[in-house]
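# Topology and contacts: notes
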Amino acid sequence: MASSVSPQQDEVLVEANSFARTLTLNRPKQLNALSFQMISRLLELFLAYEEDPNVKLVIVKGKGRAFCAGGDVAAVVRDIRADCWKAGANFFLKEFTLNYLMATYSKPQVSILNGIVMGGGAGASVHGRFRVATENSVFAMPETALGLFPDVGASYFLSRLPGFFGEYVGLTGSRLDGAEMLACGLATHFVPSAKLPMLEAALCDVDSSDPAIISSIIDQYCEQPSLNEQSVYNRLDVIDRCFSQKTVEEILSALEREVVHRMDGWISATIQTLKKASPTSLKISLRSIRKGRLQGVGPCLVREYRMVCHVMRGEVSKDFFEGCRALLLDKDKNPKWEPSKLELIADGTVDCYFSKVNNEDWEDLKLPTRSKFNLPPFAIAKL
Amino acid sequence: MDRAFQRSKILTNHLLQSSASSPARIRSLSSNACLNYTPPEFSENYAFDIKEMRKLLDRHNVEERDWLFGMMRQSKVFNPRVRGGKVFVSPDYNQSMEQQREMTLKRIEYLLERGVFKGWLTENGEEAEMRKFACFEVLSIFDHSLATKLGVHFFLWGGAIQFFGTKHHHDKWLKDTENLSIRCCFAMTELGHGSNVRGIETVTTYDSNTGEFVISTPCESAQKYWIGGAANHATHTIAFSQLNINGTSQGVHAFIVQIRDADGNVCPNIRIADCGHKIGLNGVDNGRIWFDNVRVPRENLLNSVADVSPDGKYLSSIKDPDQRFAAFMAPLTGGRVNIAVSAVYQAKVGLAIAIRYALTRRAFSLKPNEPEVLLLDYPSHQRRLLPLIAKIYAMSFAANYMKMLYVKRTPQSNKTIHVVSSSFKATFTWNNMQILQECREACGGQGLKTENRVGHLKGEYDVQSTFEGDNHVLMQQVSKALLAEYVAAQKRNKAFKGLGLEHMNKPCPIIPSQLTSTTLRCSQFQMDALCLRERDLLNRFVAEVSQLKSKGESEEHAFIMSYELAEDLGRAFSDRAIFQTFVEAEATLAAGSLKDVLGILRSLYALICIEDVAFLQYGYLSVDNATAVRREITKICSELRPHAFALVSSFGIPDAFLSPIAFDWIDANSWSSV
C-alpha cells in the first residue's frame, strides 16, 4: 500500500488479498462514526475498485465493538455552527453518493456487522449485496430521537422490509439483534463471531464476483439463530395493524387502541418512545418511508438529500440542533421540540421538507452515472 | 457510442466464455448472457419534472394514492411475487374461480381493517368524494375484480341508499355498509333486459293488510342476471322492479331485500344461481336471483322519488313517469364516472409496460454485426405506441374535468353530467381496449403471459364497454341529447348554451386549403377542425331525422335509421369535449418544459382525431390535407420519442403494479429464477 499514509487515511484501513479488498473502519473510540474524511476515502476506494479488474469483492468491517455507529453528526453540527448549513449539506452529499454507489455496485460488498450498526453505519452496509450479522449485532435507526429522520437511503431499505416493520423500525428507533436482522432481511446471513476469522479468510481466497459463489461460501459458516421469545419480530401482526395507518397520529391512536384491548408493556413502551421523539421528525420520516416504498434507490437519496438540507438549514424546525444538544452535547436527554406536538404540524409544513431548497447555488443531489458498468440484476432492480 | 459499447460487450462475453476453464469460471460466466438488460433509466432522460407532470395527471390526493399503493404492496394478501429482483403484486389468475372470489373478499377485508373505506359513505362533500375516486382508481390498478366488487357495494348499493333512499334508510344502512357488516349487491339487470331498464319484468305489489311489498319473478327472462356479489357473498340487494299498485303499473322502483342471513344461508323465497366462469373478472361472484313472492316491509321501498302510503296509495311529487325514471337513474352516473376513469388508469398500466419493454427489447440489426435496433427506435413502433400516450394524456385531463363536474353537481348540471359521463365512458373504455390490444401486440409473445398483465387485462376490462350502459346505446343517447339541444335552441331562437356547443353560435370555421406544419400544430386550427366536424354532423343528423319524420316515420324509428350519423356525431362530440379539457389543462401552465411537451402531445391527440375517416368522408379535408395530417403525425412521433420514457414514468404507477417485462426481463426469466 501507499507509503505516505496521512492520519485521516488511517481511519479506513485497507488490506489487499488477491481479489478481495478488506476495508476496516478504524475510529473505535467513536464507535467508528463516519467522519467526512472516512466517507471521502471510502468513496474514493469504491470508485477505484470498480474500475480495477483485479478486485472482485469488497469486505467492509469495523474495528472494536462497533461496525459503525453512524455519521459523525456532532462534527456536522460543529461545522454548521462554525460555518454555515451548507458545510453540513456537503457531508451528506458525499455520504449519500457513497450509499448510492454501494447500492448499485457492480461487485459484491460483504459487510461484517459484528457490533453496533446504526444510522450511517446501516447506510454503509445494508445497500450492499451481503450483510453478515452476528450475536453481537445491534441495529437501529435512531434519528427521530435526534430530530433527524432515517436517511442514508433508509427510506429505500426500510420500506422494503416485510409488512410495515420498516415504519416501526424507522419511527421508533427500536433496536434489533442479529437474529431479528436476519429474519426481516436487513442481514442476509448470520455467522457466529467465533467463525468470522475463518469466513474472512475464505472470502479472501475468492476469485469471482459471482454472488452465488460468494453466498455459498458464507453459507458454510452460517448458523440459524433463533428469535428471542420477546422479539418484536413476533409482534408483526400488531405492527402491521398500527404502522400501516395513514398518519403518525393515527398510528399512535391505533397503538393506544391495542393497549385498551390488553395491557402490553411492549406497546406502552412503543407509545412512550414515539411521544419522546421529535414530532416533526416523525412526520417527515413517515412520509419519507412511504414515498420510498414506491421509488428506486436513486430518487430516494435525492429526496432525502432535499430533506436533510432543509433540516440542516433549520428554517422550518431546529429540532436537529436541539436533539444534538440534548443527546450528544449537553447530554441532559431532555430535548425541547418545536413544534412540540404532532397536531401543531400542518401538512404544508411537512411538504416543505420535500421541496427544492430555495437558495442560490443549491442543487439537487446529482448521482454518479452507473450506465458504463455492467450492473448485476441485484443493482438494476434497485433503480 | 452506446452501440459501439454494446457491441464490444457482446464480443467480450463471447471471448470470455470460450476461454473459461475452471469450474468456478464456467459457472460465473454462464450467467453472463450475450444480451444484457440495460434499464431505460440509463439510456433515457427526463426533459421535464415527472413529479409535476404526475400531479397534473392525477390532480388530487397523490399522497393518499401512494399510501394505498404501499398498503397493497406490503401485504401477502395481494400476492407479491419476486421477478428479476423486484416485487410485483397482481392477483393469481391461475387460481380457480372460487379461490379468486375468496381472495377478492380477503383483500376487501384487509383494506377495511386498515381504514381505507373510512368515510366512503358517511362523509360528504367534494373532498371526501375526490378521495374516494382516488382510492378507487388505485384499487382498480391492482385488479378489476377488486374494484368492481367494491364498486357494486359502495357506489351502486351505497349510492342507491344515499340517492334513492331517505333519512331512515341512511340511518339504518349507510354505517353498516361502510364497515361491511352487511355485504350488498344491486339487482337491476335481468336476463331479458339490460340497458333497457324500463322494460324489466320483475313485479312488486303491495299488501295493505300486512304493510308489505311482495316481489316476484314472473318468468325466466325476469331472473336477475350478472348481479355482482350475489352468487356467494351478498347478504342484501336492491331489487329493481315494476311497482304495480291496484293494477296500475307505476314504473320501475327500488326495494331493499335481504337475500342471505348473517351465516350466508340463502333466505326463504329467494333462489340464487351462479353465472359461472367468465372471460375475465372471475374474482367477482356474479349471480342470478329469482324472487318467489318475497315479502319486505313497506319501509324497504327507497322512497326519495315516490312512496306508497300504509293503506296502499301511490304518492309521488314527480307526476311524469319519464321524469321519475330519469330521477331514478341520475345516481348511476357516479358509477359511470368511476368506470371511465379506471379505464384511463388501466390504459396507463398497459402503455407504461409496453413502452418500457420497447425501450429495452431489440430486434434485427440494420447491418451485419451491428447491435439490433431498439423496438421504440423503429418509426413503425413509435407510430403504434406514441399516439396512445397522447390519447391517455387527453383522457386524463378529460377524466379530471368529469370528476370535478360530478363532485360539484347541481340539479342544473345533471343533464351535462349525464351526457359527458355517457360519452366519456364509451370513449374511454373503447380506447382502453384498443390501447391494451396494441400494447399486447407491441410486447410480442411476452404480451401473452398472464404475469405480464397487458394481454390478460383485456379480458378483465372487456366488460367495461357493456356494464352501466352499453357503449353504443350511450353514444346514441349523447347524439339524441345534442339533437334535443339543437331543437330547443331553434325553437326558442336562442343561442346554444352548455355541453360545449357554444361554438355553434359562431360563424362556421374554415379549414385552410393548404395545411402547413405550423397550421397543423396550432391549437386554434385543431379546435376549429373538431368543432367543424361536430357542427356539420349535428346539422346532418338533425336534417336526416327530420327528413325521415317528414316521410311519416316515427321519431324513434328515425333515430334507429340514422345510427351512422348518430355514432359519428357521438364521437365528434366526445373528441371535441376531450380536446377542450386538454387545451384548458395546458393553459393552466406557465411557459416551460412541461408546457412544451404537453403542446406536442396536444397536437398529436388532435391530429389522430382529425385522421378519423369522417374528415375525408364528409369533405372537411382534401386528400392532400389528409396526407399532410398523416405526415405531421409521423413527424410528431419522432419528436416525442425522446420523451416517451418520461411521459409514461409520469403516470406514477409504482413498479410493483407494472409487470416483469417492464423491468429486467432477462433476469426475471433466467435459469436461476426457475
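What counts and what doesn't
Residues numbered from 1 in each chain as written. Chains lettered and ligands numbered in written order. Predicted model: local features only at pLDDT ≥ 70, side-chain atom pairs only at ≥ 80, totals over all residues. Heavy atoms only, no water. Helix = DSSP H or I, 4+ residues; strand = E, 2+ residues; numbered from the N terminus. Rg over C-alpha atoms; globule rule 2.2 N^0.38 Å. Buried < 20%, exposed > 50% of the residue type's maximum accessible area, 1.4 Å probe, protein only. Contact = heavy atoms within 4.5 Å. Areas by Shrake-Rupley, 256 points an atom, 1.4 Å probe, with all protein chains shown as cover. Lys, Arg positive; Asp, Glu negative; His and termini not counted. Charge placed at Lys NZ, Arg CZ, Asp CG, Glu CD. UniProt positions renumbered as here; feature names shortened; annotations may be inferred. pLDDT = per-residue confidence, 0-100. Core = buried A, V, L, I, M, F, W, Y, C linked by side-chain atoms within 4.5 Å. Pairing = 2+ DSSP bridges. Buried area = accessible area lost by both parts, 1.4 Å probe. Salt bridge = Lys/Arg side-chain N within 4 Å of Asp/Glu carboxyl O. Polar contact = N/O pair within 3.5 Å; in protein donor to acceptor, adjacent residues only side chain to side chain. Nonpolar A, V, L, I, M, F, W, Y, C, P; charged D, E, K, R; others polar. Axes fitted to C-alpha atoms, helices over the stretch in contact; angles between N-to-C directions. Parallel < 35°, antiparallel > 145°, perpendicular 65-115°, else oblique. Left-handed = near helix turned anticlockwise from the far one by under 90°.

What chain A contains, in helices and strands, is 17 helices and ten strands. Taking 2.2 N^0.38 as the reference for a compact globule, 383 residues should give roughly 21 Å; the C-alpha atoms of chain A span a radius of gyration of 20 Å, in line with that estimate. By its C-alpha atoms, chain A is 60 × 50 × 40 Å across when sized along the principal axes. Buried residues in chain A amount to 61% of all 383 residues. Of the contacts formed within chain A by residues at least 6 apart in sequence, a portion of 74% connects residues at least 24 apart. With an accessible surface of roughly 14,800 Å², chain A has 51% of that area assigned to carbon and sulfur atoms. Here chain A contributes 44 positive and 45 negative side-chain charges, whose respective centroids are spaced 2 Å apart.

This brings us to the UniProt feature "domain: Enoyl-CoA hydratase/isomerase" (unreviewed entry) in chain A. Residues annotated in UniProt with the feature "domain: Enoyl-CoA hydratase/isomerase" (unreviewed entry) correspond here to residues 21-354 of chain A. Secondary structure across residues 21-354 of chain A comprises 50% helix and 10% strand; the distance between its end C-alpha atoms is 38 Å.

To continue, consider the confidence of the model for chain B. When pLDDT is averaged along chain B, the result is 93; 95% of the residues meet or exceed 70. In the model output, the complex is listed with pTM 0.93 alongside ipTM 0.91.

Judged by nonpolar contacts, the single largest core of 321 residues is most densely connected at Phe139 of chain A together with Leu111, Tyr393 and Phe428 of chain B. Among the nonpolar cores identified, the runner-up in size contains 19 residues, and Ala20, Leu199, Cys204 and Ile213 of chain A belong to it.

Let's shift gears to the pairing of strand E2 (residues 20-25) of chain A. All names here are of chain A. Extensive coverage of E2 is indicated by the burial of six of its six residues. Residue alternation in E2 divides its side chains into two sets, Ala20, Thr22 and Thr24 and Arg21, Leu23 and Leu25, and both sets are buried. Inspection of the sheet shows strand E1 (residues 12-17) paired to E2 by six bridges, in the antiparallel sense. Paired with Ala16 across the bridge in E2 is Arg21. Between the end of E1 and the start of E2, which pair antiparallel, lie two residues, with Ser18 showing a positive phi angle near 35 degrees. In the sheet, E2 pairs with strand E3 (residues 57-62) via six bridges, with the strands oriented parallel.

All right, on to the environment of Lys167 of chain B then. Of note, Lys167 of chain B is situated in helix H9 (residues 167-178). Put simply, Lys167 of chain B and Asn303 of chain B are 136 residues apart on the chain and 9.9 Å apart in space, counted from C-alpha to C-alpha.

With that settled, consider the sheet that holds strand E7 (residues 130-133) of chain A. The strand order across the open sheet formed by six strands is E1-E2-E3-E5-E7-E10 (chain A), and the pairing between neighbours is mixed. Each having just a single partner strand, E1 and strand E10 (189-190) of chain A make up the two edges of the open sheet.

The next point concerns the interface of chain B and chain A. On the side of chain A, 31 residues touch chain B, which itself brings 31 residues to the contact. Where chain B abuts chain A, roughly 2,700 Å² becomes buried across the two surfaces, and 54% of that area is made up of carbon and sulfur atoms. Contact with chain A buries surface across chain B, with Phe42, Trp67 and Gln74 of chain B losing the most and accounting together for 24% of the total. Counting across the interface, chain B meets chain A through four salt bridges. Notably, a salt bridge pairs Glu250 of chain A with Lys118 of chain B, separated by 3.5 Å at the nearest N-O pair. Applying the counting rule to chain B against chain A returns eleven residue pairs in polar contact (both at pLDDT 80 or more). Within the residue set of the side of chain B that touches chain A, elements represented by two or more residues are helix H2 (23-30), helix H5 (62-73) and helix H6 (97-113) of chain B. When residues in the side of chain B that touches chain A are grouped by element, the largest group, eight residues, is from H5 of chain B. For the side of chain B that touches chain A, the class distribution of residues is ten nonpolar, seven polar and 14 charged.

All names here are of chain A. The topology assignment puts His189 in strand E10. At 2.9 Å, the side chain of His189 forms a polar contact with the side chain of Thr188. Sequence-distant contacts of His189, defined by excluding residues within four places in its chain, comprise Phe130, Arg131, Val132, Ala133, Leu182, Ser215, Ile218, Asp219 and Cys222.

Right, let's talk about the UniProt feature "domain: Acyl-CoA oxidase C-alpha1" (unreviewed entry) in chain B for a bit. The UniProt record annotates "domain: Acyl-CoA oxidase C-alpha1" (unreviewed entry) at residues 332-483 of chain B. Overall, residues 332-483 of chain B shows 70% helix and 3% strand. The separation of its end C-alpha atoms is 23 Å.

Once that is clear, we can look at the environment of Ala202 of chain A. All names here are of chain A. Checked against the element boundaries, Ala202 lands in helix H8 (residues 196-204). Residue classification places Ala202 among the buried residues on the basis of a relative accessible area of 19%. The sequence separation of Ala202 and Phe354 amounts to 152 residues, and the corresponding C-alpha distance is 45 Å. Excluding anything up to four places from it in sequence, Ala202 contacts Ile217 and Tyr221.

The next subject is the UniProt feature "domain: Acyl-CoA oxidase C-terminal" (unreviewed entry) in chain B. Here, the residues flagged by UniProt with the feature "domain: Acyl-CoA oxidase C-terminal" (unreviewed entry) are residues 527-658 of chain B. In this annotation, residues 527-658 of chain B is assigned 78% helix and 0% strand; the end-to-end C-alpha distance for the span is 35 Å.

Right, let's talk about the sheet that holds strand E6 (residues 116-118) of chain A for a bit. Residues and elements named next belong to chain A. The four strands are arranged E4-E6-E8-E9 in an open sheet whose pairing can be described as mixed. Every other strand in the sheet has two partners, leaving strand E4 (66-68) and strand E9 (176-177) as the edge strands with one partner each. With two bridges connecting them, E4 and E6 associate as parallel partners. Opposite Cys68, over in E6, you have Val117 as the bridge partner.

Turning next to the packing of helix H2 (residues 73-82) of chain A against helix H15 (residues 319-329) of chain A. All names here are of chain A. Contact geometry of H2 with H15 gives a least axis separation of 11 Å together with a crossing angle of 125 degrees. As the angle between them shows, H2 and H15 are arranged oblique. Pair H2 / H15 crosses with left-handed handedness. In this structure, H2 contributes Val73, Ala74, Val77, Ile80 and Arg81 to the contact, and H15 contributes Phe320, Phe321, Cys324, Leu328 and Leu329. When its residues are assigned to classes, the contact of H2 with H15 shows nine nonpolar, no polar and one charged.

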